[in-house]
Amino acid sequence: MARKIVLLGATGSIGTQALSLLKEDKNYELVGISANQNSAKLIEIAKEFPSIKFIAIATPSKAEEIKTTLPEVKVLSGESANISIIDEADPDVVLNSILGFAGFLPSLHALKKNKILLLANKETLVVGGKFINEALKNGTGKIYPIDSEHVALAKCLADVPDGKTVKELFITASGGALRDYPEKQIGVAPIKAVLNHPTWHMGAKITVDSATMVNKAYEVIEASMLFNRPLKDIKAVIQRESLIHGGVVLNDDTKLFEYSPNTMLIPIKYALSLGTEKRHQLTAEDEEAVKKLKFEDIDKNRYPMFFFIIELVGKYPDRAPIIINAVDEIVVNAYLNGLIRLGDLETILRKVSSRLTHETSNPSELKDVLNLDEKARDEATKMIKIFANALKNGNNPSDVVAKPIRDANKKHEDNVLSEEEKAKKKKASRWKNDPSKKALLKEHQKEKKAKTGYPKKEKKEERSSFHKKPQSFGEYMDHKDEKKDSYHKNDRHSSFHRDERKPYSAKGGFHRGFGHHDKDDDKKRKEGHGDGSFHKSYGNHHSSFHKDGERKEERRDDQHRSFGHHSFSKGRSFSSRNHSSSHSSYRGERREERTGDKKKRTFHRGRNNYHRGE
Ligand code: MG
C-alpha cells in the first residue's frame with residue numbers, strides 16, 4: 001500500500017522538485033501540502049494531485065481563495081497550520097522543506113507523532129537538535145536527511161565494511177558565489193554577485209548563506225546531530241565542482257565518498273527511498289574525473305563566518321545555534337532588501353550573536369528556545385535599524401554604533417581622572433591644536449614612526465567602494481543596476497588569481513595535492529590509492545586545518561578576541577590588535593591596551609577590517 005505523505009513547504013525549490021518525483025512514485029500518496037503564502041501555486045498543485053485532501057497556508061488572508069476554488073479540500077490556516085495538517089492528514093511520512101526557524105516545530109511535532117520525517121529544513125537540527133533527539137529517543141519516529149552532504153554521509157556510513165571504524169566525516173562546499181570575488185570587496189559585494197551561485201540553483205536565503213558559508217557551518221552542526229559525532233570530527237572542505245558531496249575517512253585511512261551530479265533530486269530520492277538508495281558506484285570514467293577534482297581549505301579571511309559559528313557553537317552548543325540562526329535570518333533578509341551591505345550583515349551577525357550568547361543562559365524547555373529566538377530577532381532588528389539609518393544618511397554605521405560607547409568612555413574617564421591628570425590632558429590637547437606647534441609635532445611623529453613603525457599611512461583609495469550603496473533584491477531582479485555593477489568591472493580589471501596566491505600554496509594540503517601542482521600529484525597517486533580515493537594529502541590538510549582552528553580558539557579565548565581575525569602573510573601573523581579594542585569597547589569594557597597610533601575603525605569597511613590595512 002502506498003505510504004501517505006504530507007509535503008510541508010510545497011512551493012519552494014525543494015518542494016517543487018519533490019513534487020516532480022512524487023508524481024512518478026507509486027509508493028507514495030500525496031495527501032497534504034502547505035506553503036507560507038503562495039495560494040495560487042497551492043491550488044495549481046492540488047489540481048495536479050487529486051489525492052490531496054488537506055492544504056495548510058500560514059497566511060490566513062490567503063486561505064479564502066483556496067477554500068472557494070477547492071471546496072472539497074480541507075484548508076487550514078494560521079501560524080500552527082503546518083502542525084495541524086500533520087494531525088488532520090495523519091500521514092506515514094512528512095517531508096519538511098519549510099524555510100527557516102518556522103520548520104522546527106512542525107518537525108518536532110511529526111517526530112512526537114512517530115512519523116517518518118524527510119528533512120530538508122536545516123534549522124530543525126541546528127536550532128532544536130536537543131529536542132529532536134529526545135523525540136527520536138522516546139518514540140518510533142525516524143529522520144532521513146535531504147541535503148546533498150548529509151545524504152552522502154549517510155550512504156557512506158552504510159557502506160563501511162565490517163571491522164572498520166570511522167575516524168572522520170567530511171562534507172564539501174562549493175565556496176559559494178564569492179569564492180573568486182576580490183577579497184577586500186566582499187563586504188560591499190552587490191546582491192547580483194552574491195546570488196550568482198556557481199554550482200547550485202537554490203532559494204535566495206540559502207544562496208546568501210552559501211556565499212558567507214553560514215550554510216556550511218549549519219551543515220557541520222547538522223551532521224554532528226544526525227550522526228551523533230562531535231563537531232571536531234566533521235570537516236568541511238571546498239570542492240569547487242560540487243561533485244563530491246561528502247564522505248568518511250576510516251581508521252585505516254581509506255576513504256569512502258559520494259560522487260554524483262549536483263542535483264537535489266538525488267538527495268530527495270534517497271529520502272523518499274527511506275535510506276535504501278545506494279552510493280553511486282564509480283565507473284572507470286568517473287575515476288578519471290575524480291582525479292581532476294580540486295579541493296581547497298576554507299579560507300579564514302574569505303569566510304570568517306564559518307569559523308566564527310563553529311567556534312561559538314563549539315563553546316555554547318545549546319544556545320549559540322538558536323541565536324545565530326535567528327540573527328542570520330533577519331540580517332539576510334535585510335541584506336536582500338537592500339538595507340545593509342554584506343559586510344554589515346557579517347558585522348551584525350557576529351556582534352549580536354556573540355553578545356547575546358554570552359548574556360543568556362541555556363534553554364531548558366521548548367518555550368525558552370522560542371523566547372531566545374525572539375530576543376535575538378529583536379536585537380538584530382534594532383542593530384539593523386541603526387546601520388540602515390546611518391547608511392541612508394551617508395554616515396558610517398560603525399561611527400554611529402560606537403558613538404554612545406565613546407561618550408560613555410569619556411564620561412567614565414571624567415569621573416576617574418584626578419584634576420591634575422585632567423589638566424595635563426587638556427594641556428596636551430591644546431598643544432596639539434596650536435598651529436605654531438604643528439611642525440614640532442610632525443617631527444615628533446616622524447621620530448616615533450622611525451622607532452615603532454607607527455603611525456602608518458592610511459590607504460585612501462578604498463573609500464569610494466565603502467560608500468557604495470547596497471543593491472536590493474528587487475533592484476537585482478529588475479536588472480536595473482547592470483551598468484553600475486562593479487562585479488564584472490572588477491572581474492575584468494583584477495589581476496587577482498586565486499591559484500597564484502602565495503598563502504594558498506603555502507598552506508599545502510589538499511590544494512597542493514590536487515591539480516595545482518601536477519608533478520606532486522602524480523607522484524602521490526603512484527604511491528597507490530587503489531580505492532580511487534583522492535588523496536594522500538587529505539589527511540595532512542585536515543590535521544593542519546584542525547590544529548590551526550584549535551590554536552586560534554585558544555588564542556581568542558585567552559585574549560577575548562572573538563572578533564579578531566588573523567591573517568598570515570610572509571610568515572608573520574597579523575593578529576587583529578585593532579579589532580580587539582573596538583570589540584571590547586563595543587561591549588562596553590574599555591581596554592587599556594595599546595592599539596597602535598593608527599586607530600582603524602572596525603566595521604565600516606566590511607571585510608576590509610579583517611585585515612590590517614597597510
Ligand atoms: Mg547542502
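Once a new chain begins, its residue numbering starts again from 1 and follows that chain's sequence as written. Residues qualify for local features only when their pLDDT is at least 70, as the model is predicted, and side-chain atom pairs are given and counted only at 80 or more; totals for whole chains, interfaces and linings, by contrast, use all residues. As a rule here, side-chain values cover all heavy atoms of the structure and leave hydrogens and water aside.

Moving on, we get to the overall build of the protein chain. Counting secondary structure elements, the protein chain contains 27 helices and 14 strands. Split into buried and exposed, the 614 residues of the protein chain put 52% on the buried side. Any two residues whose heavy atoms approach within 4.5 Å at even a single point are treated as in contact. Long-range contacts, defined here as pairs at least 24 residues apart, represent 69% of the contacts in the protein chain between residues at least 6 apart. For helices the rule is a DSSP run of H or I covering at least 4 residues; for strands it is a run of E covering at least 2, with both sets numbered from the N terminus onward. Only protein chains enter the accessibility calculation, which uses a 1.4 Å probe; a residue is then buried when its area is under 20% of its type maximum, exposed when over 50%, and partly exposed in between.

For the rest of this paragraph, the subject is the coordination of the magnesium ion. Every protein donor of the magnesium ion is accounted for by Asp-147 (OD), Glu-149 (OE) and Glu-219 (OE), and the metal-donor separations fall at 2.2 to 2.3 Å. One chain supplies every donor for the magnesium ion, spaced along it as D-x1-E-x69-E. One end of the pair, Glu-149, is in helix H7 (residues 148-158); the other, Glu-219, is in helix H10 (residues 214-226), with 70 residues separating them in the sequence. For the pair formed by Glu-149 and Glu-219, the shared burial category is buried. For Na, K and Ca the donor cut-off is 3.2 Å, and for all other metals it is 2.8 Å, counting N, O and S atoms only; because water is absent from this set, sites may look incomplete.

Attention shifts here to the nonpolar core. Core analysis: the biggest nonpolar cluster contains 96 residues, and Leu-178, Val-208, Phe-306, Ile-340 and Leu-342 have the highest contact counts within it. Ranked by residue count, the leading element in this core is helix H14 (residues 320-336), at 11 residues. Discounting chain neighbours no more than four positions away, the residues touching Val-208 are Val-194, Leu-195, Val-332, Tyr-335, Leu-336, Leu-342 and Leu-345. Nonpolar cores are built from buried Ala, Val, Leu, Ile, Met, Phe, Trp, Tyr and Cys residues. Side-chain atoms within 4.5 Å join them into one set. One finds Leu-19, Tyr-28, Leu-70 and Tyr-144 within the second-largest nonpolar core, a separate group that totals 37 residues.

Overall, the predicted model of the protein chain reaches an average pLDDT of 79, with 74% of residues at or above 70. Per residue, pLDDT captures the predictor's confidence, and it can take any value from 0 to 100. Below a pLDDT of 50 lies the segment residues 460-468, which in the model reaches 17 contacts outside its immediate sequence neighbourhood of four places, other chains included. Taken together, the stretch residues 479-614 has pLDDT below 50 and engages in 252 contacts with residues farther than four places along the chain or on a different chain.

What follows concerns the packing of helix H5 (residues 104-112) against helix H6 (residues 123-138). Axis lines are fitted through C-alpha atoms, for helices just across the contact stretch, and the angle between N-to-C directions can take any value from 0 to 180 degrees. In the contact formed by H5 and H6, the axes pass within 10 Å of each other and the chain directions differ by 15°. Looking at the two axes, H5 sits roughly parallel to H6. The two elements H5 and H6 cross, and the hand of that crossing is right-handed. Between H5 and H6, the residues in contact are Phe-104, Ser-107, Leu-108, Leu-111 and Lys-112 and Thr-124, Val-127, Gly-128, Phe-131, Ile-132, Ala-135 and Leu-136, respectively. Each residue is assigned to one class: nonpolar for Ala, Val, Leu, Ile, Met, Phe, Trp, Tyr, Cys and Pro, charged for Asp, Glu, Lys and Arg, and polar for all the others, Gly among them. Its residues assigned to classes, the contact of H5 with H6 comprises 8 nonpolar, 3 polar and 1 charged. Angle categories are assigned with fixed cut-offs, so that under 35 degrees is roughly parallel, over 145 is roughly antiparallel, 65 to 115 is roughly perpendicular, and the rest are oblique. Whether a crossing is left-handed or right-handed is set by the direction in which the near helix is turned from the far one by less than a right angle, anticlockwise for left-handed and clockwise for right-handed.

Next up on the list: the sheet that holds strand S8 (residues 166-173). Think of it this way: DSSP has to see at least two bridges between two strands before they count as a pair. The sheet built from 5 strands is open, its strands ordered S11-S10-S8-S9-S12 with mixed pairing. A single partner strand is all that each edge strand has here, and the edge strands are strand S11 (255-259) and strand S12 (295-296). Taken together, the 5 bridges between strand S10 (residues 244-250) and S11 define a ladder with antiparallel strand orientation. Bridge pairing in S11 links Val-248 to Leu-256. Where H7 meets the sheet, its contacts fall on S8, S10 and S11, and the angle it forms with S10 comes to roughly 35°.

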